[in-house]
Amino acid sequence: MMENLIAGINRFQNKVHAPRSAEFEKLADGQEPWALFITCSDSRIDPNLLTQTKPGELFVIRNAGNMVPAFPTPGGGEGGTLEFAVAVLGVPHIIVCGHSDCGAMKAALSPEAAATMPSLKQWIELTRETATEVNARTDLAAQPERLTAVTERNVVAQLDNLRTYPCVTKAIAAGDLELHGWVYDFTNGEVRAYAESTGSFVPLAEAYQGGVRA
Ligand SMILES: [Zn+2]
């Protein structure tokens, strides 16, 4: 496997970077990403592949369960990275993107599964309230339904957490920032977006039928 990674670097340098050297050299001038994309560390998600974007176009925060602790976050990498993206880079959009079959969301539903991983156990505490609510729902009999529900509600909870940051509320109030909640299903490629008007997740085309701001 490691050989594959090293061979990949060689291929990248010769077949990708060299022919597109002008494009990569331009990156040295700085970055002006189109969005802050907050997603899970899961290896089955590739934000640039999913959104068909290039280097310089997405600023990314990744962690187990695509979470952002509410402000203030002592020593939190997520909060600091978020502040840099909003206050310095001025990203016009923040997307929180959960996904199907998320291990962190499974652990949130069954915290005992993370008993031997103290740091992970503490991390998924961030979504405990959401998981407890979903576990208590009697209309969700099967585990797949509960997993979908907690994945969606966790995204909405992170949107709420984002709004606890002064830089975020300030940028939203100024009309410079929009928040988006998505869930990506890698089995069929579908992405559903949170529609605030109905409180539900709908296909991307439906969610943005009124158009989007650049
Ligand atoms: Zn995940």
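These numbers were taken from a predicted model, which means no experiment stands behind them. (Residues numbered from 1 in each chain as written. Predicted model: local features only at pLDDT ≥ 70, side-chain atom pairs only at ≥ 80, totals over all residues. Heavy atoms only, no water.)

(A) Spatial organisation of the overall build of the protein. Secondary structure assignment for the protein yields ten helices and six strands. Expressed along its principal axes, the backbone C-alpha trace of the protein runs to roughly 55 × 50 × 40 Å. Counting the 214 residues in the protein, one finds 39% classified as buried. A sequence separation of at least 24 residues applies to 62% of the contacts in the protein between residues at least 6 apart. A total of about 12,000 Å² of accessible surface is found on the protein, and carbon and sulfur atoms cover 55% of it. (Helix = DSSP H or I, 4+ residues; strand = E, 2+ residues; numbered from the N terminus. Buried < 20%, exposed > 50% of the residue type's maximum accessible area, 1.4 Å probe, protein only. Contact = heavy atoms within 4.5 Å. Areas by Shrake-Rupley, 256 points an atom, 1.4 Å probe, with all protein chains shown as cover.)

(B) Up close: the domain arrangement of the protein. Its domain assignment divides the protein into domain 1 (1–30) and domain 2 (31–207). Computed over C-alpha atoms only, the centres of domain 1 and domain 2 are separated by 29 Å. On the side of domain 2, five residues touch domain 1, which itself brings five residues to the contact. It is Glu 23, Leu 27 and Gly 30 that lose the most area in domain 1 upon contact with domain 2, and together they represent 78% of the buried surface on that side. Summed over the shared surface of domain 1 and domain 2, the number is zero salt bridges. On inspection of domain 1 and its partner domain 2, the count reaches zero residue pairs in polar contact (both at pLDDT 80 or more). Within the side of domain 1 that touches domain 2, the residues separate by chemical class into two nonpolar, one polar and two charged. (Domains from an automatic or database assignment. Buried area = accessible area lost by both parts, 1.4 Å probe. Salt bridge = Lys/Arg side-chain N within 4 Å of Asp/Glu carboxyl O. Polar contact = N/O pair within 3.5 Å; in protein donor to acceptor, adjacent residues only side chain to side chain. Nonpolar A, V, L, I, M, F, W, Y, C, P; charged D, E, K, R; others polar.)

(C) Broad picture of the coordination of the zinc ion. The coordination sphere of the zinc ion, as far as protein atoms go, consists of Cys 40 (SG), His 99 (NE2) and Cys 102 (SG), spread over 2.0 to 2.3 Å. Along the chain, the residues donating to the zinc ion are arranged with the sequence spacing C-x58-H-x2-C. Of this pair, Cys 40 sits in strand S1 (residues 35–40) while His 99 sits in strand S3 (residues 93–99), and the two are 59 residues apart along the sequence. Assigned by exposure class, Cys 40 and His 99 land together as buried. (Donors = N, O, S within 2.8 Å, 3.2 Å for Na, K, Ca; no water.)

(D) Main features of helix H9 (residues 166–173). Of the residues making up H9, those classed as buried are Cys 167, Val 168 and Ala 171. One side of H9 holds all its buried residues, which, seen down the axis, span an arc of 100 degrees. Those residues of H9 that are exposed and angled more than 90 degrees off the buried face are Lys 170 and Ala 173. Contact partners of the buried residues in H9: helix H4 (77–88), S3, helix H8 (143–162) and strand S4 (178–185). One or two positions beyond H9, positive phi appears at Gly 175, with a value near 80 degrees. (Arc of directions from axis to C-beta.)

(E) View of the packing of aromatic side chains. Inspection of the entire model under this criterion finds six aromatic pairs. An angle of 75 degrees between the planes, with centres 6.2 Å apart, marks the rings of Phe 37 and Trp 182 as edge-to-face. Taken together, the residues span a long stretch of sequence, with Phe 37 in strand S1 and Trp 182 in strand S4 at a distance of 145 residues. The interplanar angle of 70 degrees and the centroid separation of 6.4 Å between the aromatic rings of Tyr 184 and Phe 186 together place this pair among those described as edge-to-face. (Phe/Tyr/Trp six-rings, centres within 6.5 Å; stacked < 30°, edge-to-face > 60°.)

(F) Up close: the sheet that holds strand S2 (residues 58–63). Here we have six strands laid out as an open sheet, ordered S2-S1-S3-S4-S5-S6, and mixed in their pairing. Each edge of the open sheet carries a strand with a single partner, namely S2 and strand S6 (200–203). Direction aside, the axes of adjacent strands within the sheet are offset by 30 degrees on average. Pairing geometry for S4 and strand S5 (residues 190–195), over four bridges, is antiparallel. (Pairing = 2+ DSSP bridges. Axes fitted to C-alpha atoms, helices over the stretch in contact; angles between N-to-C directions.)

(G) Examining the nonpolar core more closely. Grouped together as the largest cluster of nonpolar side chains are 25 residues, with contacts concentrated most on Leu 36, Ile 38, Leu 82, Val 86, Ile 94, Leu 162 and Val 168. Ranked by residue count, the leading element in this core is H8, at four residues. Not counting chain neighbours up to four residues away, the residues in contact with Ile 38 comprise Ile 61, Asn 66, Val 68, Ile 94, Ile 95, Val 96, Cys 97 and Leu 162. Within the second largest apolar cluster, 22 residues are counted, among which are Phe 37, Cys 102, Met 105 and Leu 140. (Core = buried A, V, L, I, M, F, W, Y, C linked by side-chain atoms within 4.5 Å.)

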